[in-house]
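# Secondary and tertiary structure notes
Chain by chain, the residues run as shown.
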Amino acid sequence: MRKRKRKWLARVVVVLTGVVLICWSGSLGFSAGKKWISGTSWSILEQVEVSGLIRLPEHDILTVLNLKPGLNLMKLELDSISSKVMDVTGVKYARAVRRLPGRLVIKVEERVPIAAMGNGELILIDDEGIPFPPVYSGEVLDIPIITGKIQPVMSDSGYVSTYELLMNIKNNYTQIYDYLGEIMYKKGELKLRLRQGGALVGSVDDDLLDDLELFLTQKGGELPAEMDYVDFRFPAMVITGTSGS
């Protein structure tokens, strides 16, 4: 029994030793290869490419990096480059990779705005609830706006409630999100305003969202421009009309 155990332990030691040697030799081989490439024309930076951009101008990324042609590609700190790009407004994630010969590729994932807030200064909100400014003044975006005395920080309970409602609508009520013009927060109460005529839908809860989704699906197309409110307070009945009716 002891002999078997010793043989088993010996095999484990041999395997672990082999793994260590492979990792060590692989690391040396990589370092040697990197050093060799560094001395060839393949390592000369000729082009910086940025992929994944939708709204952000490529010029903004290249300006921040300020990488001149002729630099040694193998000596560039990729993590540092990635961090600089992630500091650019509207960038969610960035990764820099070498592509021999002579290319540096920056892979970017932008923050996608799903709503806006306008407390004196227009800011955008992404699906993580992170606020960020527009790319440029006058940018046109087809997204709902959030209004009320709230600040876009997760320590603000009003903002958290509004953000959670927004994500619930976006993920589970596609018709409502397509029609949604505004989410209003006031003293703990959330209301919706639809697009086109600006119809008001009050005191949001799950039942109301279900009813509103069905109502909008049945309506299809555009809502009447004169519609000022949609009332779901009465069972099996939807009341619509103008505020003066």
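Right, let's walk through the structure included here.

About the thresholds
Residues numbered from 1 in each chain as written. Predicted model: local features only at pLDDT ≥ 70, side-chain atom pairs only at ≥ 80, totals over all residues. Heavy atoms only, no water. Salt bridge = Lys/Arg side-chain N within 4 Å of Asp/Glu carboxyl O. Helix = DSSP H or I, 4+ residues; strand = E, 2+ residues; numbered from the N terminus. Buried < 20%, exposed > 50% of the residue type's maximum accessible area, 1.4 Å probe, protein only. Pairing = 2+ DSSP bridges. Patch = residues over 30% accessible without salt bridge, like charges linked within 9 Å, V, L, I, M, F, W, Y side chains within 5 Å. Areas by Shrake-Rupley, 256 points an atom, 1.4 Å probe, with all protein chains shown as cover. Lys, Arg positive; Asp, Glu negative; His and termini not counted. Charge placed at Lys NZ, Arg CZ, Asp CG, Glu CD. Core = buried A, V, L, I, M, F, W, Y, C linked by side-chain atoms within 4.5 Å. Contact = heavy atoms within 4.5 Å.

## Structural notes on the pattern of salt bridges
Applying the stated criterion across every chain, the model contains eight salt bridges. Note that E49 is salt-bridged to R103, the shortest N-O span being 3.0 Å. Highlighted residues: E49 in strand β1 (residues 47-51) and R103 in strand β3 (residues 103-110), separated in sequence by 54 residues. Note on R103: relative accessible area 28%, which makes it partly exposed. The closest approach of N and O atoms between K92 and E109, which form a salt bridge, is 4.0 Å. Of the two residues, K92 sits in strand β2 (residues 91-99) while E109 sits in strand β3, which places them 17 residues apart along the sequence.

## Topic: the pairing of strand β5 (residues 122-125)
Every other side chain in a regular strand lies on the same face of the sheet, so the side chains alternate between the two faces. In terms of strand pairing, strand β4 (residues 115-118) meets β5 through four bridges, oriented antiparallel. Residue pairing for β5: A115 is matched across the bridge by I125. One ladder, built from two bridges, connects β5 with strand β6 (residues 131-132); its direction is antiparallel. Residue I125 lies in a different strand from β6, and its bridge partner there is P131. Counting the residues between successive antiparallel strands, the hairpin from β5 to β6 contains five residues, one of them, G129, with a positive phi of roughly 80 degrees.

## With respect to a negative patch on the surface
Residues D205, D206, D207, D210 and D211 make up a contiguous surface patch of negative charge. By the secondary structure assignment, D206 is in helix α6 (residues 206-219).

## Section: the nonpolar core
Core analysis: the largest hydrophobic core is formed by 35 residues, its most contacted members being L165, I169, I176, L192, L209 and L212. Among the secondary structure elements, those contributing two or more residues to this core are β4, β5, α4 (157-172), α5 (174-179), β8 (180-186), β9 (189-194) and α6. By residue number, the principal contributor to this core is α4, which donates six residues. The residues contacting I176, other than those within four sequence positions of it, are I169, L192, L209, L212, E213 and L216.

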